[in-house]
There are 2 protein chains.
Amino acid sequence: MFDSHSFSTKKKKKSYFYNKKLTLNIKILGSNSASPAHGRHPSSQMLELDNSFYMIDCGEGTQFRLIENHLSYQKIEAIFISHLHGDHYLGLIGLLTTMSMNNREKKLDIIAPKGLKEIVDVQCLYSKTILRFPIEFHVIDTLSNQKIWENELMEVFSIPLVHKIETSGFLFKEKPKKRNIIKEKIQLLNIAVEDIIAIKNGADFTDKNGQLHSYESLTYQPHIPKIYAYCSDTEYSEAIIPIVSEIDLLYHEATFMDVHKARAAETKHSTSVQAATIAQKSNVKNLLIGHYSSRYENLDGLLDEAKGVFINTKLALEGDWYSV
Amino acid sequence: MFDSHSFSTKKKKKSYFYNKKLTLNIKILGSNSASPAHGRHPSSQMLELDNSFYMIDCGEGTQFRLIENHLSYQKIEAIFISHLHGDHYLGLIGLLTTMSMNNREKKLDIIAPKGLKEIVDVQCLYSKTILRFPIEFHVIDTLSNQKIWENELMEVFSIPLVHKIETSGFLFKEKPKKRNIIKEKIQLLNIAVEDIIAIKNGADFTDKNGQLHSYESLTYQPHIPKIYAYCSDTEYSEAIIPIVSEIDLLYHEATFMDVHKARAAETKHSTSVQAATIAQKSNVKNLLIGHYSSRYENLDGLLDEAKGVFINTKLALEGDWYSV
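Residues numbered from 1 in each chain as written. Chains lettered and ligands numbered in written order. Predicted model: local features only at pLDDT ≥ 70, side-chain atom pairs only at ≥ 80, totals over all residues.

## Quick look at the relation of the copies chain B and chain A
Okay, step 1: Mapping chain B onto chain A calls for a screw motion: a turn of 180° about the axis and a shift of 0.1 Å along it, with 0.1 Å RMSD after fitting. In short, the pair behaves as if placed about a two-fold rotation axis. Minimal C-alpha distance to the rotation axis in chain B is attained by Gly 61 of chain B, lying at 2.6 Å.
Okay, step 2: Same-surface contact between copies: 100% of interface residues of chain B are shared with the interface of chain A. (Least-squares fit on C-alpha atoms with pLDDT ≥ 70 in both. Contact = placed C-beta atoms within 7 Å.)

Below you can see the structure in the form of structure tokens.
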């Protein structure tokens, strides 16, 4: 059954940014494939984890979508680009320029297949633009599933996808949070403040009677780490199943309906039935589909076909947040 | 006095495309400088002349603006790029890709300073994109005022501008139309059909009494050719005055108000007073200002200051047509 709590769609207000959340959230900024159509835009998503922000793909006009959605581009810590088709990265150079003109100082990591740095550099050369903040480019080996980036909150792994050019999906894996002390134990065993800190950091504790207590018995895990995977663009590929197995939320492209599956194969894209089949075979908790062909103004058919295979499917709709 | 006929602002409907017009029209697609703000977008304009279409600058997201304004990108014959700052060309590669994906076959001319072809080529290389229609790049010598392009309807001249990088304005000069025969003369002199064609092409005519009539005396000019100049981005430069002297409509950037004129000088932009001073000294018929700094949400101050110097000034407003 669909669990609305773990996969709720909500519009958040500007003030949202000042609420600490423990969940991982995804905002859809662009959901269409190739060219803009029907009010939909090229691919981009914002991932939020504990009030830190990460962009996934950056199609043309993404900086406009950020303004419309009251999202601060200066808070973005890293941008992950799946591949160098224009509908997935053409908004990057404009966004970088805007960041720089508005006095960004904070370092930005850009994780992408080979070539993006060269594309950025040639444009900076002819515009005589000096981006006034540090950028570190990380080149993805798009053939391997390996850790490509991490910070204190999460690890990110590449997912090899099968498309017309080098393409990588991304697996975002929240790191476990520090365990919390069980409050009743503090009084019961008369634990001092300095010992509480040590226990939370993994030290066992000996009480005044000389009895040893494991730190696990004195603490609890406050939060189960979440995992989100982004797979766009790709033909149907069962090779990704072991990588996304059992995760909380899978975004999988679903460019075409079943009637156009020959076109999907030809262009190395997936149908919504294929996306749902991957979700079902991977036993993920929930599936989000997107990257819609411009031929579909109404998306109900894509959703219905996917739900026929995997009931916990939702459409990626621009402007909506999806809490993992 | 302001002549509302020769410089009218009008929103045109989709059906407009099927009406032949003899006037030259400008549609504003983007009016802001640098980054998008206040619902305004980076620079772009569409010039229409006798149902043929030409784009001037192509900031990020211009293809979205075309959709919103029901303009067909496939009809564009040539794209003129003033300089390689991102807010003037970043929408180009997405637009070219969309043209190609939608089966454009018609040749496109792209007229720009040096570097644009290299920028397009490196992006096509990494995306393995082959644009399936012919593109001819024309490199502008941004230091000279010379003819850079023409077709059967108009000639286009470069206007050397003074900015942080190589920048050219554009003077669009409608070619004279074929003269029309004065109908009364046909009956009066018993002119045969084949002679009418010859006269319209410039041949003099000898009537049955042996009297010679000059073709000018038998025909009239149906339309006075119009001239439009686009000058963005530039610091105040009186060198352009002889080039734009007496023209019908001058678009001149007016990034700043007078209070920020030091900032204008520093960034090699103009104030609205400076734009109006150029218009006044050039004795142009009308002035259109744009390329507004994001610091101005309300544009009334820019307009008021310009009108204090040159009364026939209008603000360039996105979505509006300006008939020259």
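Having seen it, we continue.
## Focus: the sheet that holds strand 16 (residues 249-253) of chain B
All names here are of chain B.
Okay, step 1: Reading across from one edge, 8-9-10-15-16-17-18 is the order of the 7 strands in this open sheet, with mixed pairing throughout. In the strand order of this sheet, the two ends are held by strand 8 (147-150) and strand 18 (313-315), each with one partner. Looking at each pair of strands side by side, their axes are set apart by 20° on average, direction ignored.
Okay, step 2: By the bridge criterion, 5 bridges tie strand 16 to strand 17 (residues 286-290) in an arrangement that is parallel. When the sheet's bridge partners are listed, His 252 is paired in strand 17 with Ile 289.
Okay, step 3: Where helix 10 (residues 272-282) meets the sheet, its contacts fall on strand 16, strand 17 and strand 18, and the angle it forms with strand 16 comes to roughly 155°.
Okay, step 4: Contacts from helix 11 (residues 300-309) reach strand 17 and strand 18 within the one sheet, and its direction differs from that of strand 18 by about 170°. (Pairing = 2+ DSSP bridges. Helix = DSSP H or I, 4+ residues; strand = E, 2+ residues; numbered from the N terminus. Axes fitted to C-alpha atoms, helices over the stretch in contact; angles between N-to-C directions.)

## Details of the sheet that holds strand 17 (residues 286-290) of chain A
All names here are of chain A.
Okay, step 1: Pairing in this open sheet of 7 strands is mixed, and the strands run 8-9-10-15-16-17-18 from one edge to the other. One side of each edge strand has no neighbouring strand; the edge strands of this open sheet are strand 8 (147-150) and strand 18 (313-315). Geometrically, the sheet is characterised by an average inter-axis angle of 20° between neighbouring strands, direction not taken into account.
Okay, step 2: Relative to strand 15 (residues 227-231), strand 10 (residues 168-174) is paired through 4 bridges, and the arrangement is antiparallel. Within strand 15, the position partnered with Lys 173 by the bridge is Ile 227.
Okay, step 3: Strands strand 16 (249-253), strand 17 and strand 18 of the sheet are contacted by helix 10 (residues 272-282), whose axis makes an angle of about 150° with strand 16.
Okay, step 4: Helix-sheet contacts for helix 11 (residues 300-309) involve strand 17 and strand 18, and the interaxial angle to strand 18 is about 170°.

## Observations regarding helix 4 (residues 116-127) of chain A
Counting along an α-helix, one turn takes 3.6 residues, and residues three or four places apart therefore face a common direction.
Okay, step 1: In this model helix 4 of chain A runs 17 Å from its N-terminal to its C-terminal C-alpha over 12 residues, within 8% of the 16 Å that 1.5 Å per residue would give.
Okay, step 2: When we look at burial in helix 4 of chain A, the residues that qualify are Leu 116, Ile 119, Val 120, Gln 123, Tyr 126 and Ser 127 of chain A. All buried residues of helix 4 of chain A project into a common sector of 140° when viewed along the axis, lining one side.
Okay, step 3: In this fold, the buried residues of helix 4 of chain A make contact with helix 2 (86-89), helix 3 (92-101), strand 6 (108-112) and strand 7 (135-139) of chain A together with helix 2 (86-89) and helix 4 (116-127) of chain B.
Okay, step 4: A positive phi of about 50° marks Lys 128 of chain A, the residue just after helix 4 of chain A. (Expected span 1.5 Å × (residues − 1). Buried ≥ 20, exposed ≤ 12 C-beta atoms within 10 Å, placed from the backbone. Arc of directions from axis to C-beta.)

## Notes on the environment of Asp 141 of chain A
Okay, step 1: Summarising the element assignment, Asp 141 of chain A is placed in the loop between strand 7 and strand 8.
Okay, step 2: Put simply, Asp 141 of chain A and Ile 159 of chain A are 18 residues apart on the chain and 9.7 Å apart in space, counted from C-alpha to C-alpha.

## Topic: the interface of chain B and chain A
Okay, step 1: Between chain B and chain A, the contact holds 28 residues from the first and 28 residues from the second.
Okay, step 2: Contributing elements (two or more residues each) for the side of chain B that touches chain A: helix 1 (62-68), helix 3 (92-101) and helix 4 of chain B.
Okay, step 3: Of the residues forming the side of chain B that touches chain A, the biggest block, 6 residues, is contributed by helix 4 of chain B.
Okay, step 4: Of the residues contributing to the side of chain B that touches chain A, the split by class is 12 nonpolar, 12 polar and 4 charged. (Nonpolar A, V, L, I, M, F, W, Y, C, P; charged D, E, K, R; others polar.)

## Overview of the pairing of strand 6 of chain A
Residues and elements named next belong to chain A.
Okay, step 1: Within strand 6, 4 of the 5 residues are buried, which leaves the element mostly enclosed by the surrounding structure.
Okay, step 2: Here strand 5 (residues 76-80) pairs with strand 6 via 3 bridges, running parallel. Within strand 6, the position partnered with Ala 78 by the bridge is Asp 109.
Okay, step 3: One ladder, built from 5 bridges, connects strand 6 with strand 7; its direction is parallel. Within the sheet, the bridge partner assigned to Leu 108 lies in strand 7 and is Ile 135.
Okay, step 4: Between strand 6 and its parallel partner strand 7, the chain crosses via helix 4, and the hand of that crossover is right-handed. (Right-handed = clockwise from strand over helix to strand, strands pointing away.)

## Remarks on the domain arrangement of chain A
Okay, step 1: Looking at the assigned domains, one finds that chain A contains domain 1 (9-13 + 22-177 + 223-323) and domain 2 (180-219).
Okay, step 2: Between the C-alpha centres of domain 1 of chain A and domain 2 of chain A there is a distance of 43 Å. (Domains from an automatic or database assignment.)

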